[in-house]
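# Descriptive analysis of the structure
Residue strings, one per chain:
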Amino acid sequence: MKKVGTSQPTAAATETGPAGQSGTAAQGDGRTRHTVARLLLERGPITAAAVADELGVSPTAVRRHLDVLVAEGEAYTRESSPRGRRGRGRPAKLYLLTESGRARFGHAYDDLAVAALRFIAEHEGEQAVREFAERRMAALVANHRDALVAARTPAERAEVLADALSREGYAASARSVGSGEQLCQHHCPVAHVAADFPQLCEAETAAFAEVLGTHVQRLATIANGDAACTTHVPTARLTDPDQHDPESEQTSAGSVPKDRQNTAPIPAGGESV
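Sequence order sets the numbering: in each chain, residues are counted from 1 along the sequence as written. Predicted model: local features are reported for residues with pLDDT of at least 70 only, side-chain atom pairs are reported and counted for 80 or more only, and whole-chain, interface and lining totals are derived from all residues. Note that the side-chain values use all heavy atoms of the structure and ignore hydrogens as well as water.

## Considerations on the side chain of glutamate 204
- We count a stretch as a helix when DSSP gives it H or I for four or more residues in a row; a strand needs E for two or more, and each element gets its number in order from the N terminus. With respect to the secondary-structure elements, glutamate 204 resides in helix H11 (residues 199–212).
- Classification of residues uses two cut-offs on accessible area relative to the type maximum, computed with a 1.4 Å probe and protein chains only: under 20% is buried, over 50% is exposed, and between them is partly exposed. Note on glutamate 204: relative accessible area 5%, which makes it buried.
- In protein, a polar contact requires one atom able to donate a hydrogen and another able to accept it; more generally it is a pair of N or O atoms within 3.5 Å, and residues adjacent in sequence count only if both atoms are side-chain atoms. For glutamate 204, the side chain forms a polar contact with the side chain of arginine 218, separated by 2.9 Å.
- Those residues in contact with glutamate 204, other than ones at most four positions away along the chain, are Met137, Tyr170, Gln185 and Arg218. The contact criterion used throughout is that any non-hydrogen atoms of two residues lie within 4.5 Å.

## Here we look at helix H7 (residues 126–142)
- To estimate how far a helix should extend, the number of its residues minus one is multiplied by 1.5 Å. The end-to-end C-alpha separation of H7 is 24 Å, in line with the 24 Å expected for 17 residues at 1.5 Å each.
- Of the surrounding secondary structure, the elements contacted by the buried residues of H7 are helix H6 (109–124), helix H8 (145–150), helix H9 (154–167) and H11.

## With respect to the layout of surface pockets
- Approximately 250 Å³ is the volume found for the largest pocket.
- The wall of the largest pocket is formed by 13 residues, among which Glu134, Met137, Ala203, Ala206 and Ala207 lie closest to the centre.
- Among the elements of the structure, H7 and H11 are those that each provide at least two residues to the lining of the largest pocket.
- A total of 6 residues in the lining of the largest pocket trace back to one element, the largest contributor, which is H11. In this analysis a 1.4 Å probe is tested at points of a 1 Å grid over the protein atoms alone, and where it fits but cannot get out there is a cavity; an open set with protein on both sides within 12 Å along at least five of seven lines is a pocket; lining residues have an atom within 4 Å of a point. Grid points are joined across faces, edges and corners, and a volume is the space filled by probe spheres set on the points.

## Topic: the pattern of salt bridges
- A side-chain nitrogen of Lys or Arg and a carboxyl oxygen of Asp or Glu constitute a salt bridge if their distance falls within 4 Å. Within the structure shown, the criterion is met by 7 salt bridges.
- Notably, a salt bridge pairs arginine 118 with aspartate 196, separated by 3.5 Å at the nearest N-O pair. Residue arginine 118 is found in helix H6, and its partner aspartate 196 is found in helix H10 (residues 191–196); the two are separated by 78 residues along the sequence.
- Given a relative accessible area of 41%, aspartate 196 falls into the partly exposed group.

## What about the environment of serine 176?
- Within the secondary structure layout, serine 176 lies in strand S4 (residues 172–177).
- As for serine 176 and alanine 155, which are separated by 21 residues in sequence, their C-alpha atoms are 7.0 Å apart.
- Reaching out from serine 176, the side chain makes a polar contact with the side chain of glutamate 181 at a distance of 3.0 Å.

## What to know about the sheet that holds strand S1 (residues 46–47)
- In spatial order, the strands read S1-S3-S2; together these 3 strands make up an open sheet with antiparallel pairing. Edge positions in the sheet fall to S1 and strand S2 (75–79), since each has one partner strand and no second.
- Sheet topology places S2 next to strand S3 (residues 93–97); 5 bridges connect them, and they run antiparallel. Paired with glutamate 79 across the strands is lysine 93, a residue of S3.
- For helices, the fitted line uses only the C-alpha atoms of the stretch in contact; every axis is such a line through C-alpha atoms, and the angle between N-to-C directions lies from 0 to 180 degrees. Where helix H4 (residues 59–71) meets the sheet, it contacts S2 and S3, and its direction lies at approximately 110° from that of S2. The pairing criterion for strands is at least two bridges between them, as found by DSSP.

## Some remarks on the nonpolar core
- Met137, Leu161, Leu165, Leu183, Phe208 and Leu212 are the most contacted members of the largest nonpolar core, which has 33 residues in total.
- Those elements that provide at least two residues to this core are H6, H7, H9, S4, H10 and H11.
- A total of 8 residues in this core trace back to one element, the largest contributor, which is H11.
- Leaving out residues up to four positions away in the same chain, leucine 165 has contacts with Leu140, Tyr170, Ala171, Ala172, Leu183, Gln185 and Phe208.
- Formed by 16 residues, the second largest nonpolar core is a distinct cluster that contains Ala37, Ile46, Ala48 and Ala75. Residues grouped as a nonpolar core are buried Ala, Val, Leu, Ile, Met, Phe, Trp, Tyr and Cys residues, joined through side-chain atoms within 4.5 Å.

## Some details on empty space enclosed by the protein
- The full count for this structure, using the stated rule, is 1 cavity of 30 Å³ or more.
- Lining of the largest cavity is provided by Cys188, Val190, Ala194, Leu200, Cys201, Glu204, Arg218 and Cys229.
- Element by element, the count of residues in the lining of the largest cavity is highest for H11, at 3 residues.
- The residue makeup of the lining of the largest cavity, split by class, is 6 nonpolar, no polar and 2 charged. When residues are grouped by polarity, Ala, Val, Leu, Ile, Met, Phe, Trp, Tyr, Cys and Pro land in nonpolar, Asp, Glu, Lys and Arg in charged, and all others, Gly among them, in polar.

## Regarding H9
- Over its 14 residues, H9 runs 20 Å from end to end, which matches the ideal 20 Å to within 8%, given 1.5 Å per residue.
- Every buried residue of H9 is accounted for by Pro154, Arg157, Ala158, Leu161, Ala162, Ala164 and Leu165. Seen from one end, H9 has its buried residues packed into an arc of 160°, which puts them on one side.
- In this structure, the buried residues of H9 make contact with H7, H8, S4, strand S5 (180–185) and H11.
- Glycine 169 sits one or two residues past H9 and shows a positive phi near 100°. As used here, the arc is the angular range of directions from the helix axis to the C-beta atoms.

This is how it looks when you write it as structure tokens:
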């Protein structure tokens, strides 16, 4: 039987070497754990003993890596079926990867999403893509609308929106700047798709304007190559997000009307002057 990973002696050496050795040991630990996870991906459900046999390392070392994967939510266990059990005693524990564990090996979701949107654009037109983007953001905002409505100041509502976005995977934060609030999204789950379909960013900006009750100005986007998606929220009277605000609707794409430009220009990068 072919041994997976036997061409990586540093991994096996790490298991038997003294604990507490420097970065080389830690790197070997990481490589071995990745190899264990890959074996779960390719062969799971699988027992710890089978993993140890396949990798040529001790069962104790394998169980340590498996315990870490389980603790980090990347793997889970289940008992083996009685039908395939040999002899008496406790059923063997089988290890499998969770969805989070599978994610470390990558997905083709971005390619699939881009292909789907291109199909929509080709067969239904660009407006259909825009409507899809708007409906997607409307569904995201709807999950947090009650908390947004309860906030009454620009700072409070920006903080609530940042928290809502973080719950949706955007790693967002909000802070006060001289002329208002600045909303930063340090991660964008759809950045690669938005690079091909800016309608996603436009719909997001419009949704921010609607739920914040004021016009907003998009300063930077990850999809455009910037370090973060940055949105400036000028200090203004907030309206109820459920009420129709024609002025907000007209400026939802990020433009700022001259009669409301009461601050100095904000350079690209997101810092106010």
